[in-house]
Amino acid sequence: MLTVSAYAAPSATEPLVPTTIERRDVGPKDVLIAIRYAGICHSDIHTVRGEWGDIAYPQVVGHEIVGEVTEVGAEVSKFEVGQRVGVGCMVGSCRECENCRAGMENYCLKGNIQTYTGVDVDGSITQGGYSTHIVVDEDFVLRVPEAIPYEAAAPLLCAGITTYSPLAHWKAGPGKRVAVVGMGGLGHMAVKIAAAMGAEVTVLSRTLAKHEDAVAFGADAHYATSEDATFDELANRFDLIVNTVSAPLDMNRYLSLLRLDGVLVAVGAPPEPLPVTAFTLFATRRSFAGSTIGSIAETQEMLDFCAEHGIASTVEVIPAEQINEAYERVLAGDVRYRYVIDTATLPAV
Ligand code: NAP
Ligand code: ZN
Ligand code: ZN
């Protein structure tokens, strides 16, 4: 076992605190990664605060992980020491179900092994990336292209793939009108990726406070959802709407913005139900869909796509001691556009 430095939530109501955790010995198929940066995803906050259900404490979260390989197991064939790598939201899956066999481990029918709060192969509860090291099966490790700086690459492992996957699946591209609801960590990546795919991109934010950034990220238009006129003006307009908002919204209002056969995809994950009226769907044969992260192969495709198109996350790097403050700022909507923890600032073991 390897004892490593980390930041953990002691309970649903207390701030995260420095601690140490044990990482398993490097098995034949495992890769030991020295983590350089870890992004703060809104899911980390939902999780540690118990908003998605009870979890065991203390819990280390973080599933936007980048770093260097420092050791490989005897049977590892895809990675070597010194390589730039990443780990996202999952570290394992059953590998046998229909979806795993089809290469879609993120939709494993037994539930993929999440990078934190999951039950690992050795029966322990997985601990995430707010930490100096992690041991992961090579099949769940990604290559991080040299063209993307480490800190800007970290959020791609969740925010990047979670938005790339539905945009690719529903074929965002030239001639398609795409709207992104909420421009935070996921939303700003959705704008950059949809624009790089060639779609016409509209941002739907609560206000126009982030207008200049939206344009810089590639948006063609930006509307405030606090204005009722927005919903009249944009009625029946979009082919695809990606909702990244972490709080419940009236889905019927957003569905009414879809044209014939348009799709509204939920990626934001508020714990509350999102009621939908059948008549809103009937009106122009609209669909209400969901999407979660992406497969390992698709995550690699997304990283390579971002490198090729010169895009990555817009980040603010913080020392570990500012994690709790960063959580409050994310909740206040004060994030431009992802906080990323520099793990060199974690206390020495
Ligand atoms: P974030 O950085 O906090 O961004 C959320 C954005 O939603 C905010 O920037 C804001 O955009 C908008 N927003 C926040 N509160 C709102 C409210 N009360 N009403 C309307 N708009 C509001 O969060 P994130 O890290 O991008 O995560 C977003 C959600 O996706 C979370 O629920 C997270 O758990 C979920 N998620 C899902 C997956 C998946 O696999 N499906 C993966 C990762 C994350 P504006 O200021 O532009 O309005
Ligand atoms: Zn996430
Ligand atoms: Zn499976």
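Residues numbered from 1 in each chain as written. Chains lettered and ligands numbered in written order. Predicted model: local features only at pLDDT ≥ 70, side-chain atom pairs only at ≥ 80, totals over all residues. Heavy atoms only, no water.

> Is there a simple way to explain the packing of aromatic side chains in this structure?
Both the distance between ring centres and the angle between the ring planes are used here to describe each pair of aromatic rings. Summed over the entire model, instances satisfying the criterion amount to 4 aromatic pairs. Geometry around Tyr 150 places Arg 84 over its ring, the cationic atom sitting 4.5 Å from the centre. In this arrangement the basic side chain of Arg 253 is found over the ring face of Phe 231, its NZ or CZ atom lying 3.8 Å from the centre. (Phe/Tyr/Trp six-rings, centres within 6.5 Å; stacked < 30°, edge-to-face > 60°. Lys NZ or Arg CZ within 6 Å of the ring centre and 35° of its normal.)

> Looking at this structure, I do not really get the coordination of the zinc ion (ligand 2). What am I missing?
Surrounding the zinc ion (ligand 2) are the protein donor atoms Cys 41 (SG), His 63 (NE2) and Cys 158 (SG), at 2.0 to 2.3 Å. Binding-site remark: the zinc ion (ligand 2) is held by donors from one chain whose sequence spacing is C-x21-H-x94-C. Of this pair, Cys 41 sits in the loop between strand E3 (30–39) and helix H1 (42–48) while His 63 sits in the loop between H1 and strand E4 (65–72), and the two are 22 residues apart along the sequence. (Donors = N, O, S within 2.8 Å, 3.2 Å for Na, K, Ca; no water. Helix = DSSP H or I, 4+ residues; strand = E, 2+ residues; numbered from the N terminus.)

> What exactly am I supposed to notice about the coordination of the zinc ion (ligand 3) here?
Each donor-metal-donor angle in an ideal tetrahedron of four donors is 109.5 degrees, and each such angle in an ideal octahedron of six donors is either 90 or 180 degrees. Around the zinc ion (ligand 3), the protein supplies Cys 94 (SG), Cys 97 (SG), Cys 100 (SG) and Cys 108 (SG) as donor atoms, at distances of 2.3 to 2.4 Å. For the zinc ion (ligand 3), the 4 donor atoms are set out with angles of 104 to 119° between them, so the coordination reads as tetrahedral. (Tetrahedral: all angles 85-135°; square planar, octahedral: opposite > 155°, others 65-115°.)

> Just checking my understanding: could you explain the site of ligand 1 for this structure?
Around ligand 1 lies a shell of 28 residues, among which His 42, Ser 43, Leu 186, Ser 205 and Arg 338 are the nearest. The backbone of Met 183 places a nitrogen or oxygen atom 2.8 Å from an oxygen atom of ligand 1. The separation between an oxygen atom of ligand 1 and a polar main-chain atom of Arg 206 is 3.0 Å. Counting only elements with at least two residues in the shell around ligand 1, the list comes to H1 and helix H5 (185–196). Counting residues per element, the shell around ligand 1 draws most heavily on H1, at 3 residues. A class-by-class count of the residues in the shell around ligand 1 yields 12 nonpolar, 13 polar and 3 charged. (Near = heavy atom within 4 Å. Polar contact = N/O pair within 3.5 Å; in protein donor to acceptor, adjacent residues only side chain to side chain. Nonpolar A, V, L, I, M, F, W, Y, C, P; charged D, E, K, R; others polar.)

> Can you walk me through the packing of helix H4 (residues 159–169) against H5 in this structure?
Two measures define how a pair of helices packs: the angle their axes make with one another and the distance between the axes. With their axes 8 Å apart at the nearest point, H4 and H5 run at an angle of 50° to one another. In terms of orientation, H4 and H5 fall into the oblique class. In this structure, H4 crosses over H5, and the sense of that crossing is right-handed. Residues Ala 159, Gly 160, Thr 162, Thr 163, Tyr 164 and Leu 167 of H4 touch H5, and the partners they reach there are Gly 185, Leu 186, Met 189, Ala 190, Ile 193 and Ala 194. A per-class count over the contact of H4 with H5 returns 8 nonpolar, 4 polar and no charged. (Axes fitted to C-alpha atoms, helices over the stretch in contact; angles between N-to-C directions. Parallel < 35°, antiparallel > 145°, perpendicular 65-115°, else oblique. Left-handed = near helix turned anticlockwise from the far one by under 90°. Contact = heavy atoms within 4.5 Å.)

> What is the right way to look at the domain arrangement of the protein in this model?
When the parts of a complex come together, some accessible area is lost, and that lost area is often taken as the interface size. For the protein, the domain assignment lists domain 1 (2–158 + 294–345) and domain 2 (161–290). The distance between the C-alpha centroids of domain 1 and domain 2 comes to 26 Å. Opposite the 22 residues of domain 1 that make contact, domain 2 presents 22 residues. Taken over both partners, the interface formed by domain 1 and domain 2 buries close to 2,000 Å², and the fraction arising from carbon and sulfur atoms is 61%. For the side of domain 1 that touches domain 2, the elements supplying multiple residues, two or more each, are H1 and helix H10 (296–309). Looking at side-chain class alone, the side of domain 1 that touches domain 2 contains 9 nonpolar, 8 polar and 5 charged residues. (Domains from an automatic or database assignment. Buried area = accessible area lost by both parts, 1.4 Å probe.)

> Please clarify how H10 should be interpreted in this entry.
Since one α-helical turn is 3.6 residues long, residues separated by three or four positions face the same way. Here H10 contains 14 residues, and its C-alpha end-to-end distance of 20 Å stays within 8% of the 20 Å for a straight helix at 1.5 Å per residue. Buried residues of H10: Ile 296, Glu 298, Thr 299, Gln 300, Met 302, Leu 303, Phe 305 and Cys 306, and no others. Buried residues belonging to H10 abut strand E6 (90–92), strand E9 (142–143), H4 and H5. The positive-phi residue at the C-terminal boundary of H10 is Gly 310, with phi of around 65°. (Expected span 1.5 Å × (residues − 1). Buried < 20%, exposed > 50% of the residue type's maximum accessible area, 1.4 Å probe, protein only.)

> So what exactly am I meant to see when it comes to the pattern of salt bridges here?
Pairing of side chains with opposite charge becomes possible as their charged atoms draw close. On inspection of all chains with the given rule, the structure shows 16 salt bridges. Taking the shortest distance from any N to any O, the salt bridge between Glu 68 and Arg 36 comes out at 2.7 Å. Placement of the pair is Glu 68 in strand E4 and Arg 36 in strand E3, with a sequence separation of 32 residues. Residue classification places Glu 68 among the partly exposed residues on the basis of a relative accessible area of 27%. (Salt bridge = Lys/Arg side-chain N within 4 Å of Asp/Glu carboxyl O.)

> What is the right way to look at unusual backbone geometry in this model?
When glycine is set aside, most residues are seen to have a negative phi, and most peptide bonds are trans. Here Tyr 57 and Pro 58 are connected by a cis peptide whose omega angle stands at -5°. The omega angle of the peptide bond from Arg 336 to Tyr 337 is -5°, so this bond is cis rather than trans. Mapping Tyr 337 onto the fold places it in the loop between helix H11 (323–331) and strand E17 (338–342). Phi is positive for Asn 236, which is not a glycine, with a value near 60°. Along the chain, Asn 236 falls in the loop between helix H7 (228–233) and strand E13 (238–243). For Asn 236, a relative accessible area of 42% corresponds to the partly exposed category. The phi dihedral of Arg 285 is positive, around 50°, even though this residue is not glycine.

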